[in-house]
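# Structural overview
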Amino acid sequence: QVQLVESGGGLVQPGGSLRLSCVASGTIFKTLMMGWYRQAPGKERELVAHITPVGSTYYGDSMKGRFTITRDNDKKTIYLQMNNLKSEDTAVYYCNSRSGRDVRWGQGTQVTVSS
């Protein structure tokens, strides 16, 4: 059973950067599709980025050029480097794993962009 634990959220000023981490346990990590989603107050959860087992990446439109998703299979960890953060990036960010029909979520980490 996959367990996901996020870290790295916090308060940052507009234009600043943060790096989120998500550590997976309990499974063969290198076979998992991994991703980041976010949910702002009053809005639906949306895809931020995902990364395939072989390292191919996909980003939501508003994140392209500012966010980078990477994975370290040895550490069973994915990262989300977020640069040039904007107030509209404020949300709870969730780590996600997929293996066939098995979908798992982390508990989320709050990112607040404010001056």
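Scoring rules and cut-offs
- Residues numbered from 1 in each chain as written.
- Predicted model: local features only at pLDDT ≥ 70, side-chain atom pairs only at ≥ 80, totals over all residues.
- Heavy atoms only, no water.
- Helix = DSSP H or I, 4+ residues; strand = E, 2+ residues; numbered from the N terminus.
- Rg over C-alpha atoms; globule rule 2.2 N^0.38 Å.
- Buried < 20%, exposed > 50% of the residue type's maximum accessible area, 1.4 Å probe, protein only.
- Contact = heavy atoms within 4.5 Å.
- Areas by Shrake-Rupley, 256 points an atom, 1.4 Å probe, with all protein chains shown as cover.
- Lys, Arg positive; Asp, Glu negative; His and termini not counted.
- Charge placed at Lys NZ, Arg CZ, Asp CG, Glu CD.
- Polar contact = N/O pair within 3.5 Å; in protein donor to acceptor, adjacent residues only side chain to side chain.
- Core = buried A, V, L, I, M, F, W, Y, C linked by side-chain atoms within 4.5 Å.

### Brief notes about the overall build of the protein chain
When helices and strands are tallied, the protein chain shows zero helices and 11 strands. Along the protein chain, helices and strands appear, N-terminal first, in the series β-β-β-β-β-β-β-β-β-β-β. For a compact globule of 115 residues, the expected C-alpha radius of gyration is about 13 Å, and the protein chain comes in at 13 Å, within 12% of that figure. Structurally, the protein chain occupies a C-alpha span of about 40 × 25 × 20 Å along its principal axes. Out of the 115 residues in the protein chain, the part that is buried amounts to 41%. Counting contacts in the protein chain only where the partners sit at least 6 residues apart, residues at least 24 apart contribute 53% of the total. Total accessible area computed for the protein chain in this model is approximately 6200 Å², and 47% of it derives from carbon and sulfur atoms. The centroid of the 14 positive side-chain charges in the protein chain is displaced by 4 Å from the centroid of its 9 negative side-chain charges.

### What to know about the side chain of Asp89
With respect to the helices and strands, the residue Asp89 is situated in the loop between strand E8 (77-82) and strand E9 (91-99). Polar side-chain contacts of Asp89 include one of 2.8 Å to the backbone nitrogen of Lys86. The contacts of Asp89, once residues within four sequence positions are left out, are Arg38, Arg66, Phe67, Asn84, Val111 and Val113.

### Regarding the nonpolar core
One finds Met34, Trp36, Leu80, Met82 and Tyr93 to be the most contacted residues of the largest nonpolar core, which totals 28 residues. Looking at this core, the elements that each hand over two or more residues are strand E3 (18-25), strand E4 (33-39), strand E5 (46-51), strand E7 (67-72), E8, E9 and strand E11 (109-113). If you tally residues by element for this core, the top one is E3, at four residues.

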